[in-house]
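Notes for the structure review
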Protein chains: 2
Amino acid sequence: MEIKDYGITAPKGFFASHTAAGIKYPDRDDMAMIYSEAPCNIAGTFTSNKVKAAPVLWDKAMVEQRRKASVVVVNAGIANACTGEEGMDYCRQTADACGKALNIEPESVLVASTGVIGMQLPIDRIRNGIEAMSGSLASDQDAANSAARAIMTTDTVPKEASVTIELGGKTVTIGAMTKGSGMIHPNMCTMLCFITTDAVIAADILQEALSESVKDTYNMISVDGDTSTNDTCLMLANGMADNAPVSHEDGSFDIFEEALKEVNLKLARMMAKDGEGATALIEVSIEGADNDHNARILARSVVGSSLVKAMIFGHDANSGRILCALGYSGADFDPEAVDVTISSANGSAMIMKDGRYADYSEEYATKILSSDEVNITCNMHQGSASAVAWGCDLTYDYVKINADYRS
Amino acid sequence: MEIKDYGITAPKGFFASHTAAGIKYPDRDDMAMIYSEAPCNIAGTFTSNKVKAAPVLWDKAMVEQRRKASVVVVNAGIANACTGEEGMDYCRQTADACGKALNIEPESVLVASTGVIGMQLPIDRIRNGIEAMSGSLASDQDAANSAARAIMTTDTVPKEASVTIELGGKTVTIGAMTKGSGMIHPNMCTMLCFITTDAVIAADILQEALSESVKDTYNMISVDGDTSTNDTCLMLANGMADNAPVSHEDGSFDIFEEALKEVNLKLARMMAKDGEGATALIEVSIEGADNDHNARILARSVVGSSLVKAMIFGHDANSGRILCALGYSGADFDPEAVDVTISSANGSAMIMKDGRYADYSEEYATKILSSDEVNITCNMHQGSASAVAWGCDLTYDYVKINADYRS
């Protein structure tokens, strides 16, 4: 399996473009387009927030109706959430404009938005942006890189990856780009993510692979506990790799799913590390839990704790906060059986043994935590289930960014 | 109903003292004692965290066994949590020392601790502190004030209140002190709280009144979403007011409960306002919800949102974040029916109408939010249930305090 640094145009037949439409940010690209020359089977997972943005409702209906798609149009700056009927109408107008510009059915256009909630989209600028992007589609690495940059909001780095596998003698590629830095909390996707593949795969199998993969990747990251109104993860398969259809019977599903997970894992970690204001990636591994569900909620509880996040920022091995966060997770366990180990490129130390402070050097622990990637492993000594969650530290800059996001 | 600014010694027969035992903080009081000259019926509510500190287990057993109590011994600086059998033994030694010094049964001693998790108590200093405090008990206002100060950790102000009511011609007083500033999240108490009363009231009725009251007061505040290992709310009734026993039949329960709620409400608000690093109290009122449960989780979801907390710090009326937090609360509602109003001493404005941005002046909204007490009212237009929750803004100082709490 080969992993590349660029994403959505890596699979055969996919093109991308970008433009500065002036939606909200001055002087930067803020729209992107993904286009496939063959119609795609699609799958998607969406926010569980009761308040769903208009594009989420639009895409969800397309996925549920098992429609084919050829294009995704994305804008950054305005979320088109809490925008009522007018917001839904802008989705329709976007699809119409795109259909006209590319000579395709408006019913094959997926849309996505991210940014400030409540504002209405400047639809004329969106239309102009679509026209510009329709004329500049390209399938090279630059096109993918620029599209990944165009969808960023408070992100500091673009996030893309792709992987190539062999399926029955055919080369199949999966590529993806994501954005997300704040309002990030594990509950169905937690960001915008677009995954392309040239695999031949039926829509229901595609959905199965995506849903499974999201559970252990994007749904296990948290920046601030706020589940967005716009979380969207879309996957498009155009079938141009010409492989025998991916299926459970011949084992190709497992290979495909493993490759998909590889891409998603990489991007999930990148998203957590690029959390608003973050100086460090926090990886929490739960081992020896009694079942998968409990392993997941334990991992998410620790990675989501404000006090754990602040202690990582301060490089302070205050292990009581870790046990405290396990304790309020909702999972049942014996506090006096838990071991906690911290590790990073700088070393490793068990800081809690049998639920009590272990004998370790604070100075060494501080050195371990003085890294931009820190792992906290909690062994519950109950069973054999495990889970991993990712987050980031809580910093002055997180507060700064969010105290004044709109201006 | 008369509310006073001092607490635990206001009811008849209660004494308090304090001392600088040198447990962890240098140069300040860090232990307090509450003593009643008549044995008390007791009630308590405790943390729901799976990881419970030794004093929580000790007090919980006393409350469940319906034992009588005469004394509470409290220390700040070390939480006596994650301390194993040794920690339980320190509770026993504390009770023994107290029994000996005051010539009472060790079985009538309640204990409470707050501070760093995982460290063991310096039991010799605790013993010396108990000896000093046993000789300096007093029933005046100063004694109550000093005790409330001695139990503080990151609190910036002491928190006490008392109220006097008439029950069947007799004067009954309820007094209380609390501490709590970080690791505060609504789930059974969320702090240390000690409530004294001279009312004649059976233990089961006392427990009923306390449990009811906690639900709408302490369990509705949040500072950081972290439910502590040490949350304890204890109530002692010594019966010295000589009233006819508080009962449902003669209506005295309702009067007593209302008075208790008044005290607890005042202290809950003080605790939220004194949240670590806070510059403002945030009060979230939910109106028109379909039932009480949903009203509570909606209120708690908004008051606990990092993004809402940061926007209050920045005086930015970013109403989309409020609707977003309602949306991920878990309660079902129609997003397009919700109205949101912000208000403070500086004015009031509806910023969202029918789930969409209302027409208002951003400048005026910023003025409203530039206050140290801000209310956010969300009308769900579903039914007639309501709830109120309290929290505080998320600031640079919260991060600062918690990045380096132990040093």
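The structure displayed is predicted, hence computed values, not measured ones. (Residues numbered from 1 in each chain as written. Chains lettered and ligands numbered in written order. Predicted model: local features only at pLDDT ≥ 70, side-chain atom pairs only at ≥ 80, totals over all residues. Heavy atoms only, no water.)

1. Here's the deal with the side chain of Glu-160 of chain B
All names here are of chain B. Note the threshold: Secondary structure elements are taken from DSSP: a helix is a run of H or I of four residues or more, a strand is a run of E of two residues or more, and numbering for both begins at the N terminus. Between N or O atoms, a polar contact is any pair within 3.5 Å; within protein, one atom must be a potential hydrogen donor and the other a potential acceptor, and residues adjacent in sequence are included only when both atoms are from side chains. Residue contacts follow a heavy-atom distance rule, with two residues in contact if any of their heavy atoms lie within 4.5 Å.
Within the secondary structure, Glu-160 sits in strand β6 (residues 159-167). Separated by 3.1 Å, the side chain of Glu-160 and the backbone nitrogen of Gly-7 make a polar contact. Of note is the side chain of Glu-160, whose polar atom sits 2.5 Å from the side chain of Asn-145. In this view, Glu-160 contacts Asp-5, Tyr-6, Gly-7, Ala-144, Asn-145, Ala-148, Ala-176, Met-177, Lys-266, Leu-267 and Met-270; residues no more than four positions away in its chain are not counted.

2. Details of the interface of chain A and chain B
Applied cut-off: Here the buried area means the combined drop in accessible surface, using a 1.4 Å probe, for two parts upon being joined, counting both sides. A side-chain nitrogen of Lys or Arg and a carboxyl oxygen of Asp or Glu constitute a salt bridge if their distance falls within 4 Å. Residues are grouped as follows: Ala, Val, Leu, Ile, Met, Phe, Trp, Tyr, Cys and Pro are nonpolar; Asp, Glu, Lys and Arg are charged; all remaining types, including Gly, are polar.
Opposite the 55 residues of chain A that make contact, chain B presents 54 residues. With both sides pooled, the region where chain A packs onto chain B buries about 4,500 Å², and carbon together with sulfur makes up 57% of that total. For the pair chain A and chain B, the interface holds two salt bridges. Where Arg-356 of chain A meets Glu-86 of chain B, a salt bridge forms, and the shortest distance between an N and an O atom there is 3.0 Å. At the junction of chain A with chain B, the criterion picks out four residue pairs in polar contact (both at pLDDT 80 or more). Within the residue set of the side of chain A that touches chain B, elements represented by two or more residues are α2 (84-102), α8 (306-313), α9 (319-327), β14 (356-357) and α11 (396-403) of chain A. Here the residues of the side of chain A that touches chain B are counted per class, giving 24 nonpolar, 18 polar and 13 charged.

3. Comments concerning unusual backbone geometry
Condition: Only protein chains enter the accessibility calculation, which uses a 1.4 Å probe; a residue is then buried when its area is under 20% of its type maximum, exposed when over 50%, and partly exposed in between.
Residues other than glycine seldom take positive phi values, yet His-381 of chain A does so here, at roughly 50 degrees. Assessed through its relative accessible area of 46%, His-381 of chain A is described here as partly exposed. Positive phi is not limited to glycine here, since His-315 of chain B has a value of about 55 degrees. Structurally, His-315 of chain B can be placed in the loop between α8 (306-313) and α9 (319-327). Look at His-315 of chain B and you get partly exposed, because its relative accessible area is 28%.

4. As for helix α4 (residues 141-150) of chain A
Filter applied, for reference: Taking the helix axis as origin, the arc is that swept by the directions to the C-beta atoms.
Within the sequence span of α4 of chain A, burial applies to Ala-143, Ala-144, Ala-147, Ala-148 and Ala-150 of chain A. On an axial view of α4 of chain A, the arc spanned by its buried residues comes to 160 degrees, and they lie on one face.

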